[in-house]
Amino acid sequence: MTQYHPLTEQEAIEYAKTIPGLFKDGAALSSREIGDGNLNLVFHISDPSSGASIILKQALPYAKVVGESWPLSLDRARIESEALQIEGGLCPDLVPRVYKYDPDLALTVMEDLSDHIIMRKGLIERRVYPEFAAHIGRFLAQTLFFTSDLGMNQQDKKVRLQQFINPDLCKITEDLIFDHPYTDADTNSFDEAIRDEVETIWSDTELHLEVARLRHGFLTNAQALLHGDLHTGSIFVTEKSTKVIDPEFAYYGPMGFDIGAVIANLLLNYAGQEGWSPDAESRSEYRNYLLETAKDVWSTFELQFRALWNESNVDRISRTEGFQSIYVEQLLRDTIGYAGCKIVRRVIGLAHVADIDKIEDASAKERAQRLALSIGKALIKHHRQAASFDEVIDIATNET
Ligand code: ADP
Ligand code: MG
Ligand code: MG
Ligand code: MG
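Residues numbered from 1 in each chain as written. Chains lettered and ligands numbered in written order. Predicted model: local features only at pLDDT ≥ 70, side-chain atom pairs only at ≥ 80, totals over all residues.

- The name that an unreviewed UniProt entry assigns to the protein chain is Methylthioribose kinase, with the source organism given as Paenibacillus hemerocallicola.
- According to its UniProt record, the protein chain has this under Catalytic activity (unreviewed entry): "5-(methylsulfanyl)-D-ribose + ATP = 5-(methylsulfanyl)-alpha-D-ribose 1-phosphate + ADP + H(+)".
- The UniProt entry for the protein chain carries the following comment under Pathway (unreviewed entry): "Amino-acid biosynthesis; L-methionine biosynthesis via salvage pathway; S-methyl-5-thio-alpha-D-ribose 1-phosphate from S-methyl-5'-thioadenosine (hydrolase route): step 2/2." (UniProt positions renumbered as here; feature names shortened; annotations may be inferred.)

Here you go:
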C-alpha cells in the first residue's frame, strides 16, 4: 500500500511500469501532465519507441480553482472508475477501457484517447460529427435504462445506488448550477457588460420557482445512474468515434440531467457562433447543424429507450398502456429544464465555457452571452409545458 500523495511526472512513470502488460520491460517512458480540469491530475505516459501509451488520472483532495480551501473526497476516483466500468459494460465502444483503479492513490489507469479531440474544441472549430447524435443517443438510452428500475432488478438497484453516494460532487452541482447563478453569490463570475440582464435574473421569482423544482428533482429523483457532468468537454470525438470520459460526478439522479447537459452544450456553442462564424450564411448553416444534432440526440435516445422498454422484461404494472408515454414525456420536460439551468450557469456562474468565453470581439461576446441567457431562461420557464423537442428548436431560433 502506498500512501496518498499527488504524483510527479516521474512517479507516474514508475507507477505505470508496475502494471503488467502495458509497456515492454525496460522501455524508456515519457510522462506529461495534460490535465485541463481543476480537480485532478491527468498524466499521459508513452513509450516513444513502440507508440504504446496510457492515461493515468489522479484525483486531488481539493478543487484547484479556489486553492486547497475547497476539500473534495478522493472517493470520487472510485466512483469515476466504477461508473466507467458500468458504462463500458453497456456500451464498450463509447468509453475508454479501464486498466486499473488504485484506491490508495485515488487513480485510474485507462486507455489513451489522444487520437480524438475534445468535442467542445471541435465545435468551436465548426467541425461536423455525423455519428455523434447516434452514438450519444445510444449511450444515454443504454446507461440510463439499464441502471434504472426499468432495466434492472429493483432490489439490486437499491444496492447499486449506495455504491454511488457522491455528496461532495453533488454539492458542487446543487450550489453552482441550481443556486448561486440566481443570487448575488461570491462564486459568480460574469462580464459587467451584462450586469443588467444578470440582475433581472436575480429578481425573476417566476424563474426561481422553476429552478427550485428542477433542483428538487436533482436532490430527490434517484431515477438512474447519471454521468453527472456530460458537457462537450467530457466527450472525445472523431468523425467516426465518440468516447465519454470523466464521470466523477456520477450519482443516482434524474435522467433528464444527463440528456439536458448534452443539449445545453450544443446550444451554448449555438450562442457562441456570434463569435466563431465568419459570416451570416455560414453562421446560419452551422447553427442548423447544431439544432439538427440536438434533435437527433433526443430522437435517438427516445427511440432506443422505448425499444429497450418494449423488449425487456419490465415489471407488469409498468407495462400498463400509456405509462411509457407519460414517463418519456416527463423525461423530455426534465431534459429541457435541466438544459436551461446548464446554460444559465455557464454565463453567470463560476465555470464558463470556451465556446463563449474565448470570443475575442467584446460586442460579439456580449451578444453570445445575452443570447445564451435568453435561451436558457426560456427553456427553464417553458419546460413543464413542453410536448415535443421541436419546442427547443423554436425557442433557440426565436431568441436569435
Ligand atoms: P477533469 O475531471 O479534471 O476535468 P478529465 O477526465 O476531463 O479531467 O480530463 C482532463 C483532460 O485530460 C481532458 O480534457 C483530456 O485533454 C485529457 N484526458 C483525460 N482522459 C483522457 C484519455 N483517456 N485519453 C486522452 N486524454 C485524456
Ligand atoms: Mg498542465
Ligand atoms: Mg473534465
Ligand atoms: Mg471532471
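## What to know about the UniProt feature "binding site: substrate" (unreviewed entry) in the protein chain
- Look at the UniProt record and you will see "binding site: substrate" (unreviewed entry) annotated at D229 and R345. A stretch of 117 residues holds the annotated residues, and the largest C-alpha distance among them is 13.2 Å, short enough that they meet in one place.
- Inspection of the secondary structure puts D229 in the loop between β7 (224–226) and β8 (235–237).
- On the neighbour-count criterion, D229 (21 C-beta atoms within 10 Å) is buried.
- When neighbours within four sequence positions are excluded, D229 is seen to be in contact with S234, D246, E248 and F249. (Helix = DSSP H or I, 4+ residues; strand = E, 2+ residues; numbered from the N terminus. Buried ≥ 20, exposed ≤ 12 C-beta atoms within 10 Å, placed from the backbone. Contact = placed C-beta atoms within 7 Å.)

## With respect to the nonpolar core
- Within the largest apolar cluster, 86 residues are counted, with the highest numbers of intra-cluster contacts made by I263, L267, A271, A372 and I375.
- Of all the elements, helix α9 (residues 255–276) adds the most residues to this core, at 13 residues.
- Residue-level mapping places this core at the junction of two domains, with at least three residues from each of domain 1 (9–111) and domain 2 (117–399).
- When residues no more than four places from it in sequence are discounted, the contact partners of A271 are I356, A368, L371, A372 and I375.
- A12, I54, A59 and A106 belong to the second-largest nonpolar core, a separate cluster that totals 20 residues. (Core = buried A, V, L, I, M, F, W, Y, C linked by C-beta atoms within 7 Å. Domains from an automatic or database assignment.)

## Structural notes on the sheet that holds strand β5 (residues 107–111)
- The sheet built from 5 strands is open, its strands ordered β1-β2-β3-β5-β4 with antiparallel pairing. The sheet terminates laterally at β1 (30–33) and β4 (98–102), the two strands that pair on one side only. Averaged over neighbouring strand pairs, the angle between their axes works out to 20° when direction is ignored.
- The sheet contact formed by strand β2 (residues 40–46) and strand β3 (residues 53–59) spans 7 bridges and is antiparallel. Within β3, the position partnered with I45 by the bridge is I54.
- In this fold helix α1 (residues 9–17) packs onto β1, β2 and β3, with an angle of close to 125° to the strand it touches most, β1. (Pairing = 2+ DSSP bridges. Axes fitted to C-alpha atoms, helices over the stretch in contact; angles between N-to-C directions.)

## Focus: α9
- Relative to the 32 Å expected for 22 residues at 1.5 Å per residue, α9 spans 32 Å between its end C-alpha atoms, a close match to the ideal helical length.
- A bend of about 25° at Y270 is the largest found in α9.
- Taking burial as the measure, the 22 residues of α9 include 22 buried ones, the bulk of the element. (Expected span 1.5 Å × (residues − 1). Bend = angle between axes of the 7 residues up to and from the residue.)

## What about the packing of α9 against helix α11 (residues 323–348)?
- Where α9 contacts α11, the two axes come as close as 7 Å, and the packing angle between them is 50°. Considering the angle they form, α9 stands oblique to α11. In this structure, α9 meets α11 at a crossing whose hand is right-handed. Facing M255, G256, F257, I259, G260, A261, I263, A264, L267 and L268 of α9, the residues of α11 in contact are L331, D334, T335, I336, Y338, A339, K342, I343 and R346. (Parallel < 35°, antiparallel > 145°, perpendicular 65-115°, else oblique. Left-handed = near helix turned anticlockwise from the far one by under 90°.)

## Section: helix α2 (residues 75–90)
- The end-to-end C-alpha separation of α2 is 23 Å, in line with the 22 Å expected for 16 residues at 1.5 Å each.
- Within α2, the full set of buried residues consists of R76, A77, R78, I79, E80, S81, A83, L84 and E87.

## Description of the sheet that holds β8
- Within the open sheet, the 3 strands sit side by side as β6-β8-β9. Their pairing is antiparallel. With partners counted over all chains shown, the strands left at the sheet margins are β6 (117–118) and β9 (242–244), one partner each.
- In terms of strand pairing, β6 meets β8 through 2 bridges, oriented antiparallel. Among the inter-strand pairings, I117 is bridged to a residue of β8, identified as V237.

## Overview of the environment of S53
- Counting through the fold element by element, S53 comes out in strand β3.
- Distance in space between the C-alpha atoms of S53 and G256 is 36 Å, their sequence separation being 203 residues.
- Those residues within four positions of S53 in sequence are excluded, and the remaining contacts are H44, I45, S46 and D112.

## Remarks on unusual backbone geometry
- For R126, which is not glycine, the phi torsion reads 60° and is therefore positive.
- Here R126 is to be found in the loop between α3 (119–124) and α4 (132–146).
- Despite not being glycine, D246 shows a phi value in the positive range, around 65°.
- Inspection of the secondary structure assignment puts D246 in the loop between β9 and β10 (251–253).

## Looking at the packing of helix α8 (residues 205–220) against α11
- Their axes nearest at 10 Å, the elements α8 and α11 cross at an angle of 110°. With respect to α11, the element α8 is oriented roughly perpendicular. Counting all contacts with α8, which are made through E210, V211, L214 and G217, the residues of α11 involved are D334, G337, Y338 and C341.
- Across the contact of α8 with α11, the residue classes tally to 4 nonpolar, 2 polar and 2 charged. (Nonpolar A, V, L, I, M, F, W, Y, C, P; charged D, E, K, R; others polar.)

## Regarding the pairing of β4
- Taken together, the 4 bridges between β4 and β5 define a ladder with antiparallel strand orientation. Opposite K100, over in β5, you have V109 as the bridge partner.
- Between β4 and β5, which follow one another and run antiparallel, lie 4 residues, and A106 among them has a positive phi close to 55°.

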